[in-house]
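Here is how the chains run, residue by residue.
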Amino acid sequence: MPSQTPSNAPVKEHFRRKAFSFDALYNEQRFVQRRIRPGLIRRRQLAVDAVKSYDAPRVLDVGCGSGRVGEFVLEAGAREWVGVDFSDTMLQLAGERLERYKDRIKLIEGDFLQADIAGPFEVVLALGFFDYIPNSEAFLARMSELCTGSIVASFPGWNTLKGPVRKLRYELLHHVKIYDYTAAQLQKMFSDCGFSQIQIDRPGSGFLVHARR
Ligand SMILES: C[S@@+](CC[C@H](N)C(=O)[O-])C[C@H]1O[C@@H](n2cnc3c(N)ncnc32)[C@H](O)[C@@H]1O
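Draft legend 1. The arrangement of the nonpolar core in detail. Membership of the largest hydrophobic core comes to 53 residues, with the highest contact counts inside it found for Ala-47, Val-59, Val-62, Val-124, Leu-125 and Ala-126. With residues near it in sequence (within four places) discarded, Val-59 still touches Val-51, Val-73, Ala-78, Trp-81, Phe-121, Val-123 and Leu-125.

Draft legend 2. Broad picture of the site of the ligand. Inspection of the region around the ligand gives 20 residues, with Phe-15, Gly-63, Gly-65, Ser-87 and Gly-128 positioned closest. Those elements giving two or more residues to the shell around the ligand turn out to be α1 (9-17), α5 (68-75) and β2 (80-85). Here the shell around the ligand is built from residues that sort into twelve nonpolar, five polar and three charged.

Draft legend 3. Molecular detail of the pairing of strand β6 (residues 197-201). Examined bridge by bridge, β6 and strand β7 (residues 207-212) share five bridges and lie antiparallel to one another. Residue pairing across strands places Ile-200 opposite Val-209, the latter belonging to β7. What sits between β6 and β7 in their antiparallel hairpin is a turn of five residues.

Draft legend 4. Layout of unusual backbone geometry. Cis geometry is found at the peptide bond from Gly-119 to Pro-120, where omega equals -5°. Located in the positive-phi region is Ala-56, a residue other than glycine, with phi close to 45°. Mapped onto the elements, Ala-56 comes out in the loop between α4 (38-52) and β1 (58-62). Phi at His-175 is positive, roughly 60°, even though this residue is not glycine. Here His-175 lies in the loop between α8 (163-173) and α9 (183-192). Judged by C-beta crowding, with 12 C-beta atoms within 10 Å, His-175 ranks as exposed.

Draft legend 5. Up close: helix α7 (residues 136-146). Along α7, the residues classified as buried are Ser-136, Phe-139, Leu-140 and Met-143. Axial view of α7: buried residues confined to an arc of 95°, hence all on one face. Lining the buried residues of α7 we find β1, β4 (121-126), β5 (147-155) and α9.

Draft legend 6. Spotlight on the pairing of strand β3 (residues 105-109). In the sheet, β2 pairs with β3 via five bridges, with the strands oriented parallel. Along β3, the bridge assignment pairs Val-84 with Ile-108.

Draft legend 7. Local environment of the packing of α4 against α5. The geometry of α4 relative to α5 is characterised by a closest axis approach of 9 Å and an angle of 30° between their N-to-C directions. Put simply, α4 runs roughly parallel to α5. Our pair here, α4 against α5, has a crossing hand that is right-handed. Residue-level inspection shows Arg-44, Ala-47, Val-48 and Val-51 of α4 in contact with α5, the latter providing Val-69, Phe-72 and Val-73. Taken together, the residues of the contact of α4 with α5 break down into six nonpolar, no polar and one charged.

Draft legend 8. Region of interest: the environment of Ala-19. Take Ala-19: it is sitting in helix α2 (residues 19-24). Distance in space between the C-alpha atoms of Ala-19 and Ala-153 is 20 Å, their sequence separation being 134 residues. Ala-19 has contacts with Ser-66, Ser-87, Thr-89, Met-90 and Leu-93, leaving out every residue within four places of it along the chain.

Draft legend 9. Representation of the environment of Gln-114. Examined against the element boundaries, Gln-114 turns out to sit in the loop between β3 and β4. Placed 52 residues apart in sequence, Gln-114 and Val-62 show a C-alpha to C-alpha distance of 12 Å.

Calculation criteria
- Counting restarts for each chain: residues are numbered from 1 in the order of the written sequence.
- Residues qualify for local features only when their pLDDT is at least 70, as the model is predicted, and side-chain atom pairs are given and counted only at 80 or more; totals for whole chains, interfaces and linings, by contrast, use all residues.
- When buried Ala, Val, Leu, Ile, Met, Phe, Trp, Tyr and Cys residues are joined through C-beta atoms within 7 Å, the set is termed a nonpolar core.
- Residues with at least 20 neighbouring C-beta atoms inside 10 Å of their own are called buried, those with 12 or fewer are called exposed, and the rest are partly exposed, where every C-beta is derived from the backbone.
- Residues are treated as contacting if the C-beta atoms built from their backbones sit within 7 Å of each other.
- We call a residue near a molecule or strand when the C-beta position, derived from backbone atoms, sits within 6 Å of it.
- Strands here mean DSSP runs of E at least two residues long; helices mean DSSP runs of H or I at least four residues long; both are numbered from the N terminus.
- Residues were grouped as follows: Ala, Val, Leu, Ile, Met, Phe, Trp, Tyr, Cys and Pro as nonpolar; Asp, Glu, Lys and Arg as charged; and all remaining residues, including Gly, as polar.
- For two strands to count as paired, DSSP must find a minimum of two bridges between them.
- As used here, the arc is the angular range of directions from the helix axis to the C-beta atoms.
- Angular values range over 0 to 180 degrees, each being the angle between N-to-C directions of two axes fitted as lines to C-alpha atoms, with helices fitted over their stretch in contact.
- Under this scheme an angle from 65 to 115 degrees is roughly perpendicular, one under 35 degrees roughly parallel, and one over 145 degrees roughly antiparallel; angles in between are oblique.
- Rotating anticlockwise by less than a right angle from the far helix to the near helix defines a left-handed crossing, while the corresponding clockwise rotation defines a right-handed one.

Honestly, that's just the spatial picture; any functional story needs more than this.
Shown next as structure tokens:
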């Protein structure tokens, strides 16, 4: 029987409805962020460090959400930041947040695999993105095509304590299917795309990857 890729319509609808509450996570007190949601801040810092390691890079932010990472990346010296997302409400928030950088940003609304994106980019970001992606190899291959330097991406990993609650919350409550990864799988995915330096960290339950050509 041919395998079918699940529709991403529920993910799109979820992030259309939840744009404001997702964005508000970044407003939580530093203490709460550090103790309960350290991942959001850690992955943004990894993106900033990658951007700073290039001279005024062009940056593509896949699943850019409300532009919370874009803001830091532009501040860190990106000469251009292109954000792609299929949630109109997320992009509206991103446009408002990044208004002061309007000459250096471009927002593209659409599914990343179908979107018309003109590369190349020195840095490609995919933060909090692969959680919702069934055919991750195809998405990574497209990111790789557009990238001449670094990909910085986060991936969830299975956690015996938090995993079942997270699955129930997303899949039963929000009807959004989520995916977990292993370090071996990530190593293979990135090396299959031609990356030679693949740094994989597991600071909490998920993985942070910085892969360079
Ligand atoms: C958890 S949010 C992360 C937002 C941002 N990267 C951050 O770290 O703040 C994931 C985002 O990916 C977007 N997204 C998921 N699948 C997508 C796809 N196939 N094409 C474009 N955007 C997608 C969602 O709409 C959502 O805004």
